Amino acid sequence: MTAPAIRREWHRFTPAERLARFAVYLFTVAAVVWAARYVEIIPEFLADAPAQTVDLFTRMWPFDWAHYWTGVHGALIETFHIATLGTLLAIALAVPVALMAARNITRSKVLNLFATFLLVASRSVNSLIWALLFVAIFGPGALAGVMAIGFRSIGFVGKLLAEAIEEAQPGPIEALTATGAPFGSVLNKGYWPQVEPSFWSIVLFRWDINIRESAVLGLVGAGGIGVALDAALANLYWDQVGLILAVIFAVVVVTEIVTSGIRSRII
Amino acid sequence: MSAVAGPFGIAGPDDGPALLLRNLSKSYTAGKPVLRGITLAIEGRGITAIIGPSGTGKSTLIRCINRLVTPTSGEIIFRGQSLDSLSGSALRKARRRIGMVHQEYNLVERLTVMENLLCGRLGYVPVWRAWLRRFPDQDIDRAFELLDAVGLADYAHRRADQLSGGQRQRVGIARALMQGPELLLADEPTSSLDPKTSVEIVELMARLAGDRGIPVVINIHNVELARRFASRIIGMAQGEIVFDGPPDALQDQHLARIYGGESWLE
């Protein structure tokens, strides 16, 4: 004997929600169609693309290995230097800004906002744009690259460091304050041990990113392996371009392995 | 019995109270006082236990004494010095004469036991010396002595986060005594510990403070522990003192007044 069947209906969405979802789909399709028309894809070039790709690779291979020692190695080392010095510069500049941005250290809304503004300003400008600015100021070369990497990294390092500082447990801080410790010692013995793992993790991560970013800075004249890449591209020496791209790829993989290895040991 | 002399055991004047609170009030939000006009004199030795339900202002009271909380009104007079309006380095100098043992131990987890003890000296050691870990030899000797005294002689190089709750609180007590305090405050020092360890911790604190002639003010939930170790019990309810007397005088009627209701006493 079953209960009398009163059919109960179930719908995941109300009619209004269904209409809204349909509107979103319609809008997405319309946007794609409109954008595709606006981009003005040239059919001949599109049809040609696979052949051109194959052609590019055949011109790159075999690499011009001899070029490594004459034109790439020095630039690669310079890239490492730019990334490392830039990261150190960023740390030196980001630590005070992070302390100013952390609300548990600087108890002034105005200063917090000012520090946050500096961090956002640093991050909102791309490394290449920073590099263009510094090339204009210092002239082409590695110095402009170091400054560009440094200024772009302040925002990243400072923001994450400020967050790590704000996450510090208040208990030990209170305990040190209660012993009559001066602010410098509270910072050094209370905050620093709690922030230290995050600090090294942030710095290593940023150094890893900076290796990659400094590889392209040469395109605007700010030193490093990008200069070699730019020259090879301009001269249409595709076998050199292929070599340089492969070297950059290898370096990125190696730094990734090294930094993740160190990070896992710190934490 | 006279107090221990020397650079760390500082004997207070036996005349007059070590600590005097006069009409102390605190409101975190205006119109809702947590403490209502507390007047209290703490003598130069012995354990004073403050009991009372949660949220009754015990913790606020003890934090007012070393000014982790700034009272709204009233006076705090510690060995003849007024603390209620101090700030900056004068406040830090006053704080280093008052040791504090915390509810959640409040050790710096990633530092070793030895470094946590030396943190008790931060009020005396210049920032640059602490930064370079160049603490005076007498501080280090003192730390080893205190590690022996709290039964952690072999733990100097352990990180604080490797210790059990009871061991951490022993480190907390040793850190407070590193200051060479003239008053020891303890804010619910046993509430995170099991019953046996709780007894051991209060016993240790009573013994070490007694040996050094340091008066202790302790917030404690456990009435039996308070009766067993304190020479004086203060009962608080709704921000006011409703009982003040020796442990023997504390009767069920007082407990009913302090905690409210009576059925739990049967």
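For every chain, the first residue of the written sequence is number 1, and numbering continues from 1 along that sequence. Each chain is given a letter, starting from A, and each ligand a number, starting from 1, according to the order in which they appear as written. The model is predicted, so local features are restricted to residues of pLDDT at least 70 and side-chain atom pairs to those at 80 or more, both for listing and for counting; the totals for chains, interfaces and linings are taken over all residues. Computation of side-chain values: all heavy atoms of the structure, hydrogens and water removed.

Asker: Looking at this structure, I do not really get the interface of chain A and chain B. What am I missing?
Answerer: Interface size is commonly expressed as the accessible area that is lost once the parts come together. Taken together, the contact between chain A and chain B spans 18 residues of the former and 25 residues of the latter. Summed over both partners, the accessible area (1.4 Å probe) lost when two parts come together is defined as the buried area. Overall, the association of chain A and chain B removes approximately 1900 Å² of surface from exposure, summing both partners, and the carbon and sulfur fraction of that is 61%. Of all residues in chain A, A:Ala178, A:Thr179 and A:Lys189 give up the largest surface area on contact with chain B, accounting jointly for 31% of the area buried on that side. By definition, a salt bridge exists where a carboxyl oxygen of Asp or Glu is found within 4 Å of a side-chain nitrogen of Lys or Arg. If you look at where chain A meets chain B, you find 2 salt bridges. Nitrogen and oxygen atoms within 3.5 Å of one another constitute a polar contact, given that in protein one can donate a hydrogen and the other can accept it, and given that sequence-neighbouring residues count only through two side-chain atoms. At the boundary of chain A with chain B, the tally comes to 5 residue pairs in polar contact (both at pLDDT 80 or more). Partitioning the side of chain A that touches chain B into residue classes produces 8 nonpolar, 7 polar and 3 charged. Only heavy atoms enter the contact rule, under which two residues are in contact if any of them lie within 4.5 Å. Classes in brief: Ala, Val, Leu, Ile, Met, Phe, Trp, Tyr, Cys and Pro nonpolar; Asp, Glu, Lys and Arg charged; the others, Gly included, polar.

Asker: What should I look at first to understand the packing of helix H3 (residues 67–101) of chain A against helix H6 (residues 142–166) of chain A in this one?
Answerer: Any two packed helices are characterised by the angle at which their axes cross and by the distance between the axes. Residue and element names in this part refer to chain A. Remark: H3 packs on H6, axes separated minimally by 5 Å, with the N-to-C direction vectors making an angle of 40°. Between H3 and H6, the angle is such that the two are oblique. The element H3 and its partner H6 pack so that their crossing is right-handed. In the contact of H3 with H6, the residues fall into 21 nonpolar, 6 polar and 2 charged. Think of each axis as a best-fit line through the C-alpha atoms, taken over the contacting stretch in the case of a helix, with angles from 0 to 180 degrees between the N-to-C directions. Put simply, DSSP H or I for four residues or longer makes a helix, DSSP E for two residues or longer makes a strand, and each gets a number counted from the N terminus. The scheme is simple: roughly parallel for angles under 35 degrees, roughly antiparallel for over 145, roughly perpendicular for 65 to 115, oblique for anything else. Handedness of a crossing is defined here by the sense of rotation of the near helix relative to the far one, left-handed for an anticlockwise turn of less than a right angle and right-handed for a clockwise turn.

Asker: Even after reading the chapter, I still don't get the pattern of salt bridges, so can you show me in this structure?
Answerer: Where charged atoms from two side chains of opposite charge come close, those side chains can pair. Using the criterion set out here, one finds 21 salt bridges over all chains in the structure. The partner of A:Arg59 in a salt bridge is A:Asp55, with the nearest N and O atoms 2.5 Å apart. You can see A:Arg59 and its partner A:Asp55 sitting in helix H2 (residues 43–60), 4 residues apart, about one turn around the helix. Residue burial is assigned from relative accessible area. The probe radius is 1.4 Å, only protein chains are included, and a residue is buried under 20% of its type maximum, exposed over 50%, and partly exposed in between. In this structure A:Arg59 comes out as partly exposed when scored by relative accessible area, which is 41%. By relative accessible area, A:Asp55 is classed as partly exposed at 31%. Between A:Arg103 and A:Glu166 there is a salt bridge, with its nearest N and O atoms 3.0 Å apart. With A:Arg103 in the loop between H3 and helix H4 (109–124) and A:Glu166 in helix H6, the pair connects residues that are 63 residues apart, well separated along the chain. Exposure remark for A:Arg103: the relative accessible area of 53% places this residue in the exposed category. You can call A:Glu166 partly exposed: its relative accessible area is 27%. One network of salt bridges, with partners in common, ties together A:Glu174, B:Arg63 and B:Asp187.

In short, geometric facts, not functional conclusions.
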